[in-house]
Amino acid sequence: MNIYNDYIKEIEERKAQGLHPKPIEDAELISEIINQIKDLENAHREDSLKFFIYNVVPGTTGAAGIKAKFLKDIIIGNAVVAEITPTFAFELLSHMKGGPSVEVLLDLALSNDESVAKQAAEVLKTQVFLYDADTARLEEAYKAGNDIAKELIESYANAEFFTKLPEVEEEIKIVTFIAGTGDISTDLLSPGADAHSRSDRELHGQCIFEHNKDMQNDLSELKTQHPDKRVMLIAEKGTMGVGSSRMSGVNNVALWTGVQASPYVPFINIAPIIAGTNGISPIFLTTVGVTGGIGIDLKNWVKKQDAEGNTIVDENGDAVLEQAYSVETGTVLTINTKTKKLYNGDQELIDISASLTPQKMEFIKAGGSYAVVFGKKLQTFAAKVLGVEAPVVYAPSKEISVEGQGLTAVEKIFNKNAVGTTPGKTLHAGSDVRVEVNIVGSQDTTGLMTSQELEAMAATVISPIVDGAYQSGCHTASVWDDKSKANIPKLMKFMNDFGLITARDPKGEYHAMTDVIHKVLNDITIDDWAIIIGGDSHTRMSKGVAFGADSGTVALALATGEATMPIPESVKVTFKGEMRSFMDFRDVVHATQQQMLKQFGGENVFQGRIIEVHIGTLTSDQAFTFTDWTAEMKAKASICISEDETLIESLEIARDRIQIMIGKGMDNEKQVLKGLVDKANKRIQEIKTGEKPALRPDANAKYYAEVVIDLDEIAEPMIADPDVNNEDVSKRYTHDTIRPLSFYGGTKKVDLGFVGSCMVHKGDMKILAQMLKNIEAKQGKVEFNAPLVVAPPTYNIVDELKVEGDWEVLQKYSGFEFDDNAPKGLARTKYENMLYLERPGCNLCMGNQEKAEPGDTVMATSTRLFQGRVVKDSGEKKGESLLSSTPVVVLSTILGRTPTMEEYESAVDGIVLTRFKPSQKQLNTEAVAL
């Protein structure tokens, strides 16, 4: 009984933290609990019954398998438990979501005991998480003349598992709670520093609002005052959920404000209601849909206009906002799902049809998007077996086809990969499409949740239609602490068994690879027509089109090989002019955002759309700097349009890097990596022969907007500034404040520099090495007046730098170099004025392990400037993370302050920072008539 005693001990420890018993996953523990239930005299029997009924994780966990078999024994009379009747046993099975429970239900339904079979069939009619092995059993029984199998398949064909669900209530009473003013990062809802606890939902729930107990108490008090209402969490004057999908953020909001999914499954809540003045970040909105929640674009602050209808601006040229209606904390509102409007009493406030589309209403009714996806697949299977047309049960997918209009690049990709659309119909933006997914990525701080989601949806193996999938180890790369040692090996084994290529080998036969996930996905994407889904907001490849996603959508893509979404609108970005020799491509990226906002009067036309960037001449490594930043532009995704020769070079680089992974022993039994090499060679040959040139939009494609970036206007390095002291708090930490280097007058103190994250590539490391050599040649030595942390994104880059001699240069000037044989066990909290060569991975950008010292001003190449992400505030000063190019970061740490333009130009003299120039070739196809 040792394992049970250990569990009781853990329960006591959790009580001290204000926590309930941890849900049970372990097969050995649940087996011991069942033995104690069978022993009528056992002192622990009563508690064991509660644990068995109310505290077992469903799906394909070891515990779920044992629980399902015991419930089967109770139903067929092999075991008798007074407290669990056969009828109750069936009810418990109905809440177990597939896998072992479906296997047991099929055993019972296809048995010779007619009474048991009928009861099992009634439960099975409510289930949707059936896989090929399950449906194959049903089909075989149906063909053999089994009446129950026929009854089940007919029920599935009619989608009774959906049609017999209760309808969505017409009126949803809500009470508002303002979580913050301005854009709200998912870090507020699920802080990166608490990533280790995400799979323990109750424990992780304690970190909402960054552990702000006052806010948590206010929310609890509001719920107590309004027990008959749902709480709507709001980003006032901002966008909710910027920065990442963060399924754990939605889980936390649901835990505090949502509805319990099942009385027999603890801490899994659904149906949160989330809102923002400027709506919900696209990637986060997808996550809300996974839980059957509602995300609302409030538009409660609007641009103030004068009598002539012109927007009134302040002294900074920003639009002045005025309140259209109040949503201050404690305001009682009503969501009407029939009229699709938001009301305050009888007063109509705003149309919220976009939040309550037919498809989203189905997610709400079904308790989340997974049930709808699996339900549609199950209905299709059943109709095919019966040889009938599936009745129209679900809202038909919107199919928009405009005669005579060409296709954007993303429209072409979606049309190629679409599943179940009207044959021969060409679809344009706004169409709802199921698409096959080519590449899937899971990262390590959300991967534990992805594995839980896979268990919950009873998936055991990766879909055969996925070309390749990768599980990273980058977010836990910088510190191999006890939390990582406990969580990551378990994750790697699960994902390796599931069929993914894993950064760490569960058998320990190849070297751990902590490469940044986006870089690996960029390398294993070997087709410009691919669709990529990844568990991180920066899943934005420079080949194909990639969508950052929550852990659940990643799990769905792994299990089914599909994703469902509307075809997004696109914004076309082209370039003119010529870059100055001392400009870095990172400056082009920031200038793109700045010039776009200027061209459209402050409106972010990128938000929620595809940025189709006509990059032309940059290989995928360098172009990734642009696509990566589009997450900060609030775009849904981005696509690079390349010249044929450039794409071939990019594909050859990717192919060779995959070959290196194979050489390290990372391929699996199915030889997934070898398959990707073969596909890369095939695609290269198609382009070379002209059989299928590089992806290009049609000349007569329609865009939401077209942006032309003038390179001649970029006269100095550009810096994204969090503007931490802006009097208007809604304008802090937005990524939209882009300033020239001269703004700082060469006097702003810099406390720490960071060169790393997914935004840098091999060229950045070479620039760093060359700058250090130049500085020594001019000054006789290299002396740092601020610490410089350097984290190469991949081991491949380190290896290539070693061959080319640049790593030796970095070693010469460093005071610390990572050692894979003795990785750090504790996060660094103090920095000396020297160069730190850190292990490849996310490092400071993630904010879950390493951080700058509180109150520091950090100059970084990374992507995150959110409050508390890279650096926390101190009692005396706000921490700030300014984002810039590699040469600006390096020079800032040498000087201990921002450089002047004269100092900057001198430092980069003779260094080729980028070879980017606008393409002179036609990057679209001739206009087509459709």
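The rules behind each value
- Residues numbered from 1 in each chain as written.
- Predicted model: local features only at pLDDT ≥ 70, side-chain atom pairs only at ≥ 80, totals over all residues.
- Heavy atoms only, no water.
- Helix = DSSP H or I, 4+ residues; strand = E, 2+ residues; numbered from the N terminus.
- Rg over C-alpha atoms; globule rule 2.2 N^0.38 Å.
- Buried < 20%, exposed > 50% of the residue type's maximum accessible area, 1.4 Å probe, protein only.
- Contact = heavy atoms within 4.5 Å.
- Areas by Shrake-Rupley, 256 points an atom, 1.4 Å probe, with all protein chains shown as cover.
- Lys, Arg positive; Asp, Glu negative; His and termini not counted.
- Charge placed at Lys NZ, Arg CZ, Asp CG, Glu CD.
- 1 Å grid on protein atoms, 1.4 Å probe; cavity = no way out; pocket = protein on both sides within 12 Å on 5 of 7 lines; lining within 4 Å.
- Points joined across faces, edges and corners; volume = space filled by probe spheres on them.
- Nonpolar A, V, L, I, M, F, W, Y, C, P; charged D, E, K, R; others polar.
- Pairing = 2+ DSSP bridges.
- Core = buried A, V, L, I, M, F, W, Y, C linked by side-chain atoms within 4.5 Å.
- Polar contact = N/O pair within 3.5 Å; in protein donor to acceptor, adjacent residues only side chain to side chain.
- Axes fitted to C-alpha atoms, helices over the stretch in contact; angles between N-to-C directions.

Student: Requested: an account of the overall build of the protein, with residues and values cited.
Tutor: When helices and strands are tallied, the protein shows 31 helices and 33 strands. In terms of overall size, the protein behaves like a compact globule, its C-alpha atoms giving a radius of gyration of 28 Å where 930 residues would be expected to give roughly 30 Å. Each principal axis of the C-alpha distribution contributes one length, and for the protein these read about 90 × 65 × 60 Å. Burial analysis of the protein (930 residues in total) assigns 61% to the buried set. Within the protein, residue pairs in contact and separated by at least 24 positions form 73% of the contacts whose partners lie at least 6 positions apart. Accessible surface, the protein: about 35500 Å² in total, of which carbon and sulfur atoms supply 48%. Averaging the coordinates of the 97 positive side-chain charges in the protein and doing the same for the 133 negative ones gives two points 1 Å apart.

Student: Which residues make up empty space enclosed by the protein, and what are the values?
Tutor: All chains considered together, the criterion is met by nine cavities of 30 Å³ or more. Estimates place the volume of the largest cavity at around 200 Å³. His475, Asp536, Met846, Arg864 and Arg869 are the residues nearest the centre of the largest cavity, which is lined by 26 residues in total. Its residues assigned to classes, the lining of the largest cavity shows seven nonpolar, 13 polar and six charged. Here the second largest cavity is characterised by a volume of approximately 140 Å³. Lining the second largest cavity are 17 residues, and of these Asp584, Arg586, Thr625, His761 and Asp764 sit closest to its centre. Contributions of two or more residues to the lining of the second largest cavity are made by α23 (585-599), α24 (620-629) and α27 (762-779). Counting residues per element, the lining of the second largest cavity draws most heavily on α27, at three residues. For the lining of the second largest cavity, a count of residues per class yields five nonpolar, nine polar and three charged.

Student: How would you explain the pairing of strand β15 (residues 432-436) if you had to name every residue and give the values?
Tutor: For strand β14 (residues 418-419) and β15, the ladder comprises two bridges, and the chain directions are antiparallel. When the bridges of β15 are listed, Ala418 appears paired with Val435. The sheet contact formed by β15 and strand β21 (residues 562-566) spans five bridges and is antiparallel. Bridge pairing in β21 places Asp432 opposite Pro566.

Student: Which residues make up the nonpolar core, and what are the values?
Tutor: One broad rule of soluble globular proteins: the nonpolar side chains tend to lie buried together. Counting 126 residues, the largest nonpolar core has Tyr470, Phe626 and Tyr904 as its most contacted members. Among the elements that line this core, the one with the most residues is α27, at seven residues.

Student: Go over the environment of Thr277, please, and point to the residues and values.
Tutor: Of note, Thr277 is situated in the loop between β7 (273-276) and α15 (282-290). Overall, the relative accessible area of 2% leaves Thr277 in the buried class. The residues touching Thr277, leaving out its near neighbours within four places in the chain, are Ala235, Glu236, Lys237, Gly238, Asp297, Leu298, Lys299, Asn300 and Trp301. One polar contact links Thr277 to Asn300, side chain to side chain, over a distance of 2.7 Å.

Student: Run through the pairing of strand β33 (residues 880-883), naming residues and quoting values.
Tutor: Residues of β33 alternate between two faces, with Glu880 and Leu882 on one and Ser881 and Leu883 on the opposite face, all of them buried. Two elements, strand β32 (residues 857-860) and β33, share four bridges in a ladder whose sense is parallel. Bridge pairing links Thr857 to Glu880 in β33.

Student: Give a description of the sheet that holds strand β3 (residues 230-236) that names residues and reports values.
Tutor: Overall, mixed pairing links the seven strands, which are arranged β8-β7-β3-β1-β11-β12-β13 in an open sheet. Strand pairing shows two members of the sheet lacking a second neighbour, β8 (294-297) and β13 (347-351), which therefore form its edges. Here the strands of the sheet are splayed against their neighbours by 30° on average, with no regard to which way each runs. Sheet topology note: the strand β1 (residues 171-181)/β3 ladder contains seven bridges and is parallel. Bridge pairing in β3 places Thr176 opposite Met232. Of the strands in this sheet, β1 and β3 touch helix α13 (residues 213-225), which is tilted by about 165° from β1.

Student: Please provide a residue-by-residue account of the sheet that holds strand β16 (residues 439-442), values included.
Tutor: Read from one edge to the other, the open sheet built from five strands follows the order β18-β17-β16-β19-β20, with strand pairing classed as parallel. The open sheet terminates on both sides in strands that have one partner only, identified here as β18 (501-502) and β20 (545-548). Direction of pairing for strand β19 (residues 531-534) relative to β20: parallel, over a ladder of four bridges. Looking at the pairing, Ile532 lines up with Ala546 of β20. Strands β16, β17 (468-471) and β19 of the sheet are contacted by helix α21 (residues 517-524), whose axis makes an angle of about 165° with β16.

Student: So what's going on with helix α16 (residues 358-366)? Residues and values would help.
Tutor: Listing the buried residues of α16 in full gives Gln359, Met361, Glu362, Ile364 and Lys365. Along its buried surface, α16 packs onto α10 (160-163), β8, α17 (369-386) and β15.

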